[in-house]
Amino acid sequence: MTTPDASLSASILAIMYFGDIVFSISGALTAARYRMDVFGFLLIGTTTGIGGGTLRDLLLGRTVWWTQDPTELLLCVAAALLTFFFLPSDIARRRGLIWADALGLAAFCVVGCSIALEFGSPPIIAVFMGLVTATGGGVIRDVLANTQPMITSGQPYAAAALLGSLSYAVLRYLAIPEIAAEVIAFAAAFGLRGSALLFDIRMGPPGEF
Amino acid sequence: MTTPDASLSASILAIMYFGDIVFSISGALTAARYRMDVFGFLLIGTTTGIGGGTLRDLLLGRTVWWTQDPTELLLCVAAALLTFFFLPSDIARRRGLIWADALGLAAFCVVGCSIALEFGSPPIIAVFMGLVTATGGGVIRDVLANTQPMITSGQPYAAAALLGSLSYAVLRYLAIPEIAAEVIAFAAAFGLRGSALLFDIRMGPPGEF
Amino acid sequence: MTTPDASLSASILAIMYFGDIVFSISGALTAARYRMDVFGFLLIGTTTGIGGGTLRDLLLGRTVWWTQDPTELLLCVAAALLTFFFLPSDIARRRGLIWADALGLAAFCVVGCSIALEFGSPPIIAVFMGLVTATGGGVIRDVLANTQPMITSGQPYAAAALLGSLSYAVLRYLAIPEIAAEVIAFAAAFGLRGSALLFDIRMGPPGEF
């Protein structure tokens, strides 16, 4: 078996695995809100964890690597199972869901932009792919649970992913060292999304939902 | 025109066509519940019938064969049309929907796992692809109708697909003859899903929906 | 950078860009109905504009061209932004949404069928791809907004896309000049969909939604 994703740097792989895990937790906590059984946890956890990257790879015509090397899939399964067995109380559950989602959003906008640049996409497409990777899994999670996608909640969400993705592309263009670019872009995205959650920042008029 | 799916055995092809038909019927009966017109029947019937296999092929990077050879598409169209013209009463409709779905689930977990193994996927991925093939069409059907996906209903559903897919992979690994593996795995999946429907087995706490 | 879609005629490219723009407007007006912020407009606008063609290309195994050449993406972004800044009143908004959708439907059934024929698909698949291209973006839009997909509303919708797609394929088969085929097929689809909107034509029994 060839090593997939061999072209990816160790730091991007680490951020990707981190994103897989936290998004899988957010999916599992969504399953918990709807009182699903363990298979519901596994299903929504894994599809949330790998959904954004899968969508990016399908669009780019890149191999969907988890169909060759199950590492990402197994990480998502493990995270969803652990969430099932060590389930927090109802209140912590909701809070865990939105913060796990925020961490995954910040991780995946960096990963998605980086992978698309590596794949040879034009910068504007790479920035868009960061957005797709960061938001795709959460949209699939919310559609499966038949709730309003979090991306349409009125708070900065896509905006945070776009900020992270754009920061990463600009910093790489300026030839900033890769790890610095990753940390700064992650911090920018998580900072904006986290502030929005803490202070209930809204960008539009009060929404209907 | 080359014969697509030439690598598939006659028995897998037969189970695949059977799954296409029963899933298309389940989609058409969903259209009936929402009182759609004949095109709604066709749309939801065909996307339910071919949705799971399409998702599997996109993920694997395999050719989506119905875009080359319309056999599967035409079977789904015929099944949806027949459902439209010979529509049962309201009560039989609901019952027909869940049982057609159960038959399709059992058929497609075997087909999906078999095709992925044939395609060269590692066993763990092949089992997962059985799950994706079996549940994908039903999820698309329920999302199109804007109802809660049946997979999140609290009854064994993904569990039944996983049982069938896993049984098939294990039996093939044990070098059991192919047809025996298919029959046993189908029976395992349908047995679990059918029991859940007959006795209203639930795996988790009472759900919110 | 090679010119993507170089195989497409100027008239099909023009209809495609027109469809991108009007579908993006319909997506942006959906975002407006749910009082989203500017990023919600951009997200739903662009995914509606490029969604149908993306789905077609993934199914056919064709390159998703907007990941190579951002022209379509930028058109969608511009249309969504203009809609945000020059937003009509509430009543005109609903009307704008359904008529922009109808124009996009008529444009994309022609484009989808033409591209699939060009790609070498059998005629029956090409007609189906016209249907997929015309309806895919709108379904994604309505799923993202968690509303009932317009395609299941009980009015002729898929029927109009099918009429346009089928007309185009038949006219091309009859060796009618390409531009004439495009105009006639567009007019047939838009005529049926527009009449349905003007006179509230329904094809089935009164629906539940």
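Everything that follows concerns the structure shown earlier in this document.
My aim in this report is to walk through the structure given alongside it, one point at a time. In this text the structure is predicted, and so the values were computed from the model without any measurement. (Residues numbered from 1 in each chain as written. Chains lettered and ligands numbered in written order. Predicted model: local features only at pLDDT ≥ 70, side-chain atom pairs only at ≥ 80, totals over all residues. Heavy atoms only, no water.)

## Some words on the environment of A92(C)
Residues and elements named next belong to chain C. For A92, the position within the fold is in helix α4 (residues 90-119). In this structure A92 comes out as partly exposed when scored by relative accessible area, which is 35%. Between the alpha carbons of A92 and L29 there is a distance of 9.9 Å; along the sequence they are 63 residues apart. (Helix = DSSP H or I, 4+ residues; strand = E, 2+ residues; numbered from the N terminus. Buried < 20%, exposed > 50% of the residue type's maximum accessible area, 1.4 Å probe, protein only.)

## Observations regarding the pattern of salt bridges
The full count for this structure, using the stated rule, is 12 salt bridges over all chains. Here D57(C) and R56(C) are joined by a salt bridge, their closest N and O atoms 3.0 Å apart. Residue D57(C) shares its accessibility class with R56(C), and that shared class is buried. Across the salt bridge formed by R141(C) and D101(C), the nearest N and O atoms sit 2.8 Å from each other. With R141(C) in helix α5 (residues 123-144) and D101(C) in helix α4, this residue pair connects regions lying 40 residues apart in the sequence. Within this structure, R56(A), D57(A) and R62(A) form a network of salt bridges that share partners. (Salt bridge = Lys/Arg side-chain N within 4 Å of Asp/Glu carboxyl O.)

## Structural notes on the interface of chain B and chain C
Each partner contributes to the interface: chain B provides 22 residues, whereas chain C provides 28 residues. Run the count over chain B and chain C and you get zero salt bridges. On inspection of chain B and its partner chain C, the count reaches zero residue pairs in polar contact (both at pLDDT 80 or more). Sorting the residues of the side of chain B that touches chain C by element identifies α2 (38-60), α3 (71-85) and α5 (123-144) of chain B as the ones contributing at least two each. With six residues, the top contributor of residues to the side of chain B that touches chain C is α2(B). A breakdown of the residues in the side of chain B that touches chain C according to their chemical character gives 14 nonpolar, five polar and three charged. (Contact = heavy atoms within 4.5 Å. Polar contact = N/O pair within 3.5 Å; in protein donor to acceptor, adjacent residues only side chain to side chain. Nonpolar A, V, L, I, M, F, W, Y, C, P; charged D, E, K, R; others polar.)

## Topic: the relation of the copies chain B and chain C
Placing chain B over chain C gives an RMSD of 0.0 Å and needs a rotation angle of 120 degrees, together with 0.0 Å of translation along the axis. When the rotation and shift are considered jointly, the pair of chain copies conforms to a three-fold rotation axis. (Least-squares fit on C-alpha atoms with pLDDT ≥ 70 in both.)

## Focus: the side chain of E182(B)
All names here are of chain B. In this fold, E182 is placed in helix α7 (residues 178-199). This buried residue, E182, is left without a salt bridge; R172 holds the nearest opposite charge, at 5.5 Å. In terms of polar contacts, E182 uses its side chain to reach the side chain of S11, at 2.8 Å. Every residue in contact with E182, bar those within four places of it in the chain, is listed here: S9, S11, I12, I15, V110 and Y168. (Lys, Arg positive; Asp, Glu negative; His and termini not counted.)

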